Amino acid sequence: MPAESAPAKVNLHLHVTGRRADGYHLLDSLAVFGPAADEVAAAPAEGLSLALDGPFGAGLAAEADNLVLRAARALAETAGLSPGAALRLTKRLPIASGIGGGSADAAAALRLLDRLWGLGLGEARLAEIGARLGADVPVCLASRPMRMQGVGELLSPAPALPPCGLLLVNPGLALATPAVFRAREGGFTPPATLPAAWDDAAAMARDLAALRNDLEAPAIRLCPPIAEVLAALRALPGCLLARMSGSGATCFGLFATPAAAEAAAPTLPGGWWRAAGPLHRAA
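Residues numbered from 1 in each chain as written. Predicted model: local features only at pLDDT ≥ 70, side-chain atom pairs only at ≥ 80, totals over all residues. Heavy atoms only, no water.

1. Examining the side chain of Ser103
Here Ser103 lies in helix H2 (residues 101–116). Those residues in contact with Ser103 that sit more than four places away from it in its chain are Leu67, Asp136, Val137 and Cys140. (Helix = DSSP H or I, 4+ residues; strand = E, 2+ residues; numbered from the N terminus. Contact = heavy atoms within 4.5 Å.)

Now the structure itself:
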């Protein structure tokens, strides 16, 4: 059965730069991918169906309309065909955790079904479809480092990134994005100034440390264990930067090498979800 990886999206910084008249917030973020992923598989079928498995699959069983199915229907509608596919989602990323799992799943479904149905729409057209499904779907379609702006639909190339490692940690708690935005206080933050490239992970960490995730403070108020995760990450040998991703509750530690991130992972509390490995610098 053909399959497509749906890697975790990590926001190395996230500035809330404004708010549109319709209430949607404007963002500026450097998004990267790795080191954990869901998987979407598909086989030809008469109708449309979705099977769930993986460590977090049961958590989606009660959903009336999974994003994977919505993506399949949106693609079929655009192409003017009746949707037919037996889909399987292997859910390895925590749900509602700030690393774009649902968006990554939808993006993987769009890429996979574009091939399965022989449409050849290309990334730009798929991104237009994806933007209607969620703000993170276009960047997850690219699945490579990108600068995200607007409400997520304005994508531009990221700075050239050095080799480095990421350690993702979630305290086992879901956190709804709308609630975090509602809890945010204060004004807005200007867009970041980023260089064209970083020579090494230490230089990248120094520049990123001057930036922020504007959703971190409200997320901690709603979910205090996030602060415990961040403190644990900062105490790890070799951790160059620790920050929350997206709207939480997943946090990341940036390390000079994947091996350093992988070595640190087992020292964290056993009840926390974690994944360690390379920051993927290209698709």
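2. A short note on unusual backbone geometry
Of the consecutive residues Gly34 and Pro35, the connecting peptide bond is found in the cis state with omega at -10°. Locating Pro35 in the fold gives a position in strand S2 (residues 25–43). Of note, the amide linkage connecting Gly248 to Ala249 takes the cis form, showing an omega dihedral of 10°. Positionally, Ala249 belongs in the loop between strand S8 (241–244) and strand S9 (251–255).

3. Comments concerning the pairing of S8
Residues of S8 alternate between two faces, with Leu241 and Arg243 on one and Ala242 and Met244 on the opposite face, all of them buried. Of the pairings in the sheet, the one linking S8 to S9 comprises four bridges and is antiparallel in character. Opposite Met244, over in S9, you have Cys251 as the bridge partner. Between the antiparallel neighbours S8 and S9 lie six residues, among them Gly246 with a positive phi of about 55°. (Buried < 20%, exposed > 50% of the residue type's maximum accessible area, 1.4 Å probe, protein only. Pairing = 2+ DSSP bridges.)

4. A look at the sheet that holds S9
Pairing is antiparallel in the open sheet, where four strands are placed in the order S8-S9-S7-S10. With partners counted over all chains shown, the strands left at the sheet margins are S8 and strand S10 (273–278), one partner each. Averaged over all adjacent pairs, the angle separating strand axes in this sheet is 15°, with direction ignored. As paired strands, strand S7 (residues 165–170) and S10 are joined by six bridges and run antiparallel to one another. Its bridge partner being in S10, Val169 is matched across the sheet by Arg274. Seen against the sheet, helix H6 (residues 201–209) touches S8 and S9 and runs at an angle of roughly 45° to S8. (Axes fitted to C-alpha atoms, helices over the stretch in contact; angles between N-to-C directions.)

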